[in-house]
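One-letter residues, chain by chain:
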Amino acid sequence: MTRLPATVPHRVIGRQVHVDVPLCLGGAGRETAVAVQFLRECQSQRFRTHWEIAYEDRARGDDPLDTHDAPYVRMLHHLPPPVEQVDEPGELRAWRTSYAAFPAGMLYHRRGPDFITVMDRRERPASARFTLDHPDLLATFATVQEPTALGELDAVQREAVDLLEAERLALVADGWAVALPPRLHRWPVPCTGI
């Protein structure tokens with residue numbers, strides 16, 4: 001039984017997920033947040049994910065993969081990359097290479113009693129470990145597991161989202177927020193791989 005969000009049309013075949021529509025990473029905030037949430041959940045459940053990026057983003061001038069916006073891509077390269085396409089930007093090839101070298105453990109979170117630990121190894125050789133234990137921060141992190149409009153958040157939650165965004169643990173796009181670290185449900189074998 002899969003627990004993938006139903007917001008993205010997909011098919012599950014064994015341990016593979018095939019997304020039926022191109023995913024938009026540079027369009028409207030909600031659409032981007034939904035795509036990121038779906039990819040995060042695929043990563044969390046360790047599915048091999050086959051998806052295409054929506055290239056109409058580029059026609060609108062909203063392409064997050066342009067080299068001028070490379071930090072945005074670096075925030076997402078812990079997620080399964082899109083399938084290879086002809087004439088794709090170099091950032092997509094770099095994403096695929098980076099993901100292949102370290103597919104499990106670039107960014108993840110684990111839950112404990114009244115705390116969450118987050119490991120972030122997206123920027124090598126530096127790595128960061130965070131412990132979220134403040135009740136408001138924990139509650140907001142739980143809220144933004146689902147794509148959430150910033151307008152629905154109170155002042156305390158908005159401050160927590162700002163903190164998560166500053167540490168690159170949440171993506172905020174056009175008034176929508178979504179958490180980035182997949183939940184690590186079980187250690188990969190061998191566990192020393194992360």
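Residues numbered from 1 in each chain as written. Predicted model: local features only at pLDDT ≥ 70, side-chain atom pairs only at ≥ 80, totals over all residues. Heavy atoms only, no water.

A. Inspection of the sheet that holds strand β5 (residues 115–120) at higher detail. Here three strands make up an open sheet; going across it, the order is β4-β5-β6 and the pairing antiparallel. With one partner strand each, in any of the chains shown, β4 (107–112) and β6 (128–132) form the two edges of the open sheet. Strand-to-strand twist of the sheet, defined as the mean angle between neighbouring strand axes without regard to direction, takes the value 15°. Pairing analysis gives six bridges linking β4 to β5, with the strands arranged antiparallel. Its bridge partner being in β5, Gly-112 is matched across the sheet by Phe-115. (Pairing = 2+ DSSP bridges. Helix = DSSP H or I, 4+ residues; strand = E, 2+ residues; numbered from the N terminus. Axes fitted to C-alpha atoms, helices over the stretch in contact; angles between N-to-C directions.)

B. Summary view of helix α6 (residues 155–166). Under the 1.5 Å per step criterion, the end-to-end length of α6 is 16 Å for twelve residues, consistent within 8% with the ideal 16 Å. Along α6, the positions that sit buried rather than exposed are Ala-160, Val-161 and Leu-164. Summarising the axial view, the buried residues of α6 lie within an arc of 100°, below the 170-degree limit, and thus occupy one face. Relative to its buried face, α6 has exposed residues pointing more than 90 degrees away, namely Ala-155, Glu-159 and Ala-166. Considering only its buried residues, α6 is in contact with β6, α5 (135–143), β8 (170–173) and β9 (176–179). Capping the start of α6 is the job of one residue whose side-chain oxygen sits 3.1 Å from the backbone nitrogen of Val-156: Asp-154. Where α6 ends, the next residue or the one after it, Arg-168, has phi of about 60°, a positive value. (Expected span 1.5 Å × (residues − 1). Buried < 20%, exposed > 50% of the residue type's maximum accessible area, 1.4 Å probe, protein only. Arc of directions from axis to C-beta. Contact = heavy atoms within 4.5 Å. Polar contact = N/O pair within 3.5 Å; in protein donor to acceptor, adjacent residues only side chain to side chain.)

C. Local environment of the sheet that holds β8. Pairing is antiparallel across the open sheet formed by three strands, whose spatial order is β7-β9-β8. Unpaired on one side and paired on the other, β7 (148–149) and β8 mark the two borders of the sheet. Where β8 meets β9, four bridges bridge the pair, whose relative direction is antiparallel. Across the sheet, residue Ala-170 finds its bridge partner in β9, namely Ala-179. Packed onto the sheet, helix α1 (residues 29–44) meets β8 and β9 and runs at close to 5° relative to β9.

D. Quick look at the packing of aromatic side chains. Inspection of every chain in the model, using the stated rule, returns one aromatic pair. When the ring of Trp-51 is compared with that of Trp-95, the centres are 6.0 Å apart and the planes differ by 65°; the resulting orientation is edge-to-face. One end of the pair, Trp-51, is in the loop between β3 (48–50) and α2 (56–59); the other, Trp-95, is in helix α4 (residues 90–101), and 44 residues separate them in sequence. An identical accessibility class is assigned to Trp-51 and Trp-95; each is buried. (Phe/Tyr/Trp six-rings, centres within 6.5 Å; stacked < 30°, edge-to-face > 60°.)

E. Looking closely at the pattern of salt bridges. For the structure on display, the rule yields five salt bridges. In this structure, Asp-120 engages Arg-122 in a salt bridge whose closest nitrogen and oxygen atoms are separated by 2.7 Å. Here the two residues Asp-120 and Arg-122 agree in accessibility, since each one is buried. Between Glu-123 and Arg-168 there is a salt bridge; the shortest N-O distance is 3.5 Å. One end of the pair, Glu-123, is in the loop between β5 and β6; the other, Arg-168, is in the loop between α6 and β8, and 45 residues separate them in sequence. (Salt bridge = Lys/Arg side-chain N within 4 Å of Asp/Glu carboxyl O.)

F. Quick peek at the confidence of the model for the chain. Summary statistics for the chain give a mean pLDDT of 84 and a share of 82% for residues scoring 70 or more. Predicted confidence is poor over residues 66–71, with pLDDT under 50, and the contacts of this stretch with residues over four places away or in other chains come to three contacts. (pLDDT = per-residue confidence, 0-100.)

G. Region of the structure containing the environment of Arg-15. If you trace the backbone, Arg-15 turns up in the loop between β1 (10–13) and β2 (16–19). On the accessibility criterion, Arg-15 (43% relative accessible area) is partly exposed. Along the backbone, Arg-15 and Cys-42 are 27 residues apart, and their C-alpha atoms lie at a distance of 9.9 Å. Ignoring anything within four residues of it in the chain, the contact list for Arg-15 reads Gln-45, Arg-46, Phe-47 and Arg-48. A distance of 2.3 Å separates a polar atom in the side chain of Arg-15 from the backbone oxygen of Gln-45.

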